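Examination of the molecular architecture
The chain contents come next:
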Amino acid sequence: MMLPARLTSQVILNTWRLRHHGTCYSNLPSLSSNYLNNQRKNAASTHHPENSPQSWLLNPPTRLDATRKRLFSLSAAGIVNSAPAPMQPYLRLMRLDKPIGTWLLYLPCTWSIGLAADPGCLPHLGMLTLFGTGALLMRGAGCIINDMWDKDFDKKVARTATRPIAAGEITQMQALVFLGGQLSLALGVLLCLNYYSIALGAASLSLVVTYPLMKRITYWPQLVLGLTFNWGALLGWSAVIGSCEWSVCLPLYFSGVMWTLIYDTIYAHQDKDDDIRVGIKSTALRFQEQTKPWLSGFMVAMMSGLIVAGVNAEQTLPYYATLSTVAIHLTHQIYTLDINKPEDCWKKFVSNRNLGLLLFLGIVCGNLWKERRDTSLQND
């Protein structure tokens, strides 16, 4: 019985490697006549291609593949795909497989909590955890509300046609019940805060509910999204201090709104062709080829607000050094943007998570620097 042609070629190649590279390939299987006889017997004893000798030689053991699967399962999408099948549509409905939205909702909260920390102290870990949980729940609730409003639109757009409600995996009633559960949990998180913050947090619900309607009415739905997504810039400070210091919170909130106008306009350029077809409005359609000048203006406004917030919060050198890095990041993001390439728009959009984390780090370092500065003044 002759060996298959591919196996014969592999054997010849391995033999050549052994002769020319010595011990570098000493871990290869022996190519003795006994080895070849055993391979012939294995080939004759099975009719399954996966058990054939050529399959063994040409396809190494799957340990690496198993490792890759384990690593993949640690991602947000991997966790959703590993969940029981009946749960997966609900997890996708709340966008658990796409955590970038949760990050963008959470980060303004961290900035405010960081600025509210006592000089020389780290931000309140309990508050950061509480707001992280709230961001996850409220982002999920917002996505459900959005998908319930936009079911008919989503069916007509390639990127959104597979969303659970649009695809018919979940009914409107099931989504409504799930929404009620999420809002109940979010209320539980809100009730852990002081009375001032409870009232302030409840005031944002009107924005959460009405935002999805704005794309039908105005070319500025991204502005309404900014007002909604950055409410944590007000709420974080009040949760730590007990009330808002408006000289800090308002400039920070304004900066967050400008930031949202930047990243969500970039995001909207992915769907502009579909938006025109189905009649949805966005800043991407409003700005069109003038997008970069508009985004540059928003960047200047954002940085100005952050400077004012820093001055009023008595921030220090590390904070302002970080602002310089943030400005460079935004400049690169805007001027290398190709609004006609959806993949580039997505890449620039998700990079804003790193920008938000960078700003949070600058706030923390600037606050820790306060103690060092105050100690130096006392020593003098």
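What you are looking at is a predicted structure, and each value in this text was computed from that prediction instead of being measured.

Remarks on the overall build of the protein chain
In terms of regular secondary structure, the protein chain is built from 21 helices and zero strands. The buried share of the protein chain, reckoned over its 380 residues, is 46%. In the protein chain, the share of contacts with a sequence separation of at least 24, taken over all contacts with a separation of at least 6, comes to 72%. Working note: accessible area of the protein chain is about 19800 Å², and carbon and sulfur atoms make up 63% of it.

Considerations on the confidence of the model for the protein chain
This prediction gives the protein chain a mean pLDDT of 84; 78% of its residues lie at or above 70. Confidence, read as mean pLDDT per element, is least for helix H3 (residues 53–58) in the protein chain (41) and greatest for helix H18 (residues 291–312) (98). pLDDT under 50 marks residues 15–33. Its contacts with residues more than four places away, or in other chains, come to 13 contacts. Contacts for the low-pLDDT stretch residues 43–72, under 50 throughout, to residues beyond four places or in other chains number 20 contacts.

Overview of helix H11 (residues 195–202)
Where H11 is concerned, the buried positions are Ser-197, Ile-198, Leu-200 and Gly-201. Along H11, the residues classed as buried sweep out an arc of 170° about the axis, all on the same side. For H11, the exposed residues set more than 90 degrees away from the buried face come down to Tyr-195 and Ala-199. At its buried positions, H11 is contacted by helix H10 (172–190), helix H12 (205–217) and helix H14 (232–241).

What to know about the UniProt feature "transmembrane region" (unreviewed entry) in the protein chain
Mapped onto this structure's residue numbering, the UniProt feature "transmembrane region" (unreviewed entry) falls at residues 100–117, 123–145, 223–240, 252–270 and 291–311. From the first C-alpha to the last, residues 123–145 spans 32 Å; its make-up is 91% helix and 0% strand. Structurally, residues 291–311 is divided into 100% helix and 0% strand, and its ends, taken at the C-alpha atoms, are 30 Å apart.

Quick word on the pattern of salt bridges
Under the defined criterion, the tally for this structure stands at nine salt bridges. Where Arg-95 meets Asp-147, a salt bridge forms, and the shortest distance between an N and an O atom there is 2.8 Å. Placement of the pair is Arg-95 in the loop between helix H6 (88–93) and helix H7 (100–116) and Asp-147 in helix H8 (residues 125–149), with a sequence separation of 52 residues. As far as the burial class goes, Arg-95 and Asp-147 line up, both buried.

Concerning the environment of Lys-281
Secondary-structure assignment places Lys-281 in the loop between helix H16 (272–278) and helix H17 (283–287). Sequence separation between Lys-281 and Pro-221 is 60 residues; the distance between their C-alpha atoms is 7.6 Å. Ignoring anything within four residues of it in the chain, the contact list for Lys-281 reads Lys-215, Arg-216, Ile-217, Thr-218, Tyr-219 and Pro-221.

A word on the side chain of Ser-112
Positionally, Ser-112 belongs in helix H7. Here the side chain of Ser-112 touches Ala-233 through a polar contact of 2.8 Å, landing on its backbone oxygen. If we ignore the near neighbours within four places in the chain, the residues touching Ser-112 are Gly-232, Ala-233, Gly-236, Trp-237 and Leu-252.

Observations regarding a nonpolar patch on the surface
Among the surface-exposed residues, Met-173, Leu-176 and Val-177 lie close enough to one another that they form a single nonpolar patch of about 310 Å² accessible area. The residue Met-173 is located in helix H10 in this model. The exposure class of Met-173 is exposed, given its relative accessible area of 56%.

Considerations on the packing of H7 against H8
Where H7 meets H8, the closest approach of the two axes is 9 Å, and the angle between their N-to-C directions is 150°. Taken together, H7 and H8 sit at an angle that is classed as roughly antiparallel. In the crossing of H7 with H8, the sense of the turn from one axis to the other is right-handed. Mapping the contact onto sequence places Gly-101, Thr-102, Leu-105, Tyr-106, Cys-109, Thr-110 and Ile-113 in H7 and Met-127, Leu-128, Phe-131, Gly-132, Ala-135, Leu-136, Met-138 and Arg-139 in H8. Split into classes, the residues belonging to the contact of H7 with H8 amount to ten nonpolar, four polar and one charged.

Things to note about the packing of H14 against helix H15 (residues 246–268)
Where H14 contacts H15, the two axes come as close as 8 Å, and the packing angle between them is 150°. With respect to each other, H14 and H15 are oriented roughly antiparallel. The hand of the H14/H15 crossing is right-handed. The residues of H15 that touch H14, namely those facing Ala-233, Leu-234 and Trp-237, are Trp-246, Val-248, Cys-249, Leu-252 and Tyr-253.

Conventions used here
- Residues numbered from 1 in each chain as written.
- Predicted model: local features only at pLDDT ≥ 70, side-chain atom pairs only at ≥ 80, totals over all residues.
- Heavy atoms only, no water.
- Helix = DSSP H or I, 4+ residues; strand = E, 2+ residues; numbered from the N terminus.
- Buried < 20%, exposed > 50% of the residue type's maximum accessible area, 1.4 Å probe, protein only.
- Contact = heavy atoms within 4.5 Å.
- Areas by Shrake-Rupley, 256 points an atom, 1.4 Å probe, with all protein chains shown as cover.
- pLDDT = per-residue confidence, 0-100.
- Arc of directions from axis to C-beta.
- UniProt positions renumbered as here; feature names shortened; annotations may be inferred.
- Salt bridge = Lys/Arg side-chain N within 4 Å of Asp/Glu carboxyl O.
- Polar contact = N/O pair within 3.5 Å; in protein donor to acceptor, adjacent residues only side chain to side chain.
- Patch = residues over 30% accessible without salt bridge, like charges linked within 9 Å, V, L, I, M, F, W, Y side chains within 5 Å.
- Axes fitted to C-alpha atoms, helices over the stretch in contact; angles between N-to-C directions.
- Parallel < 35°, antiparallel > 145°, perpendicular 65-115°, else oblique.
- Left-handed = near helix turned anticlockwise from the far one by under 90°.
- Nonpolar A, V, L, I, M, F, W, Y, C, P; charged D, E, K, R; others polar.

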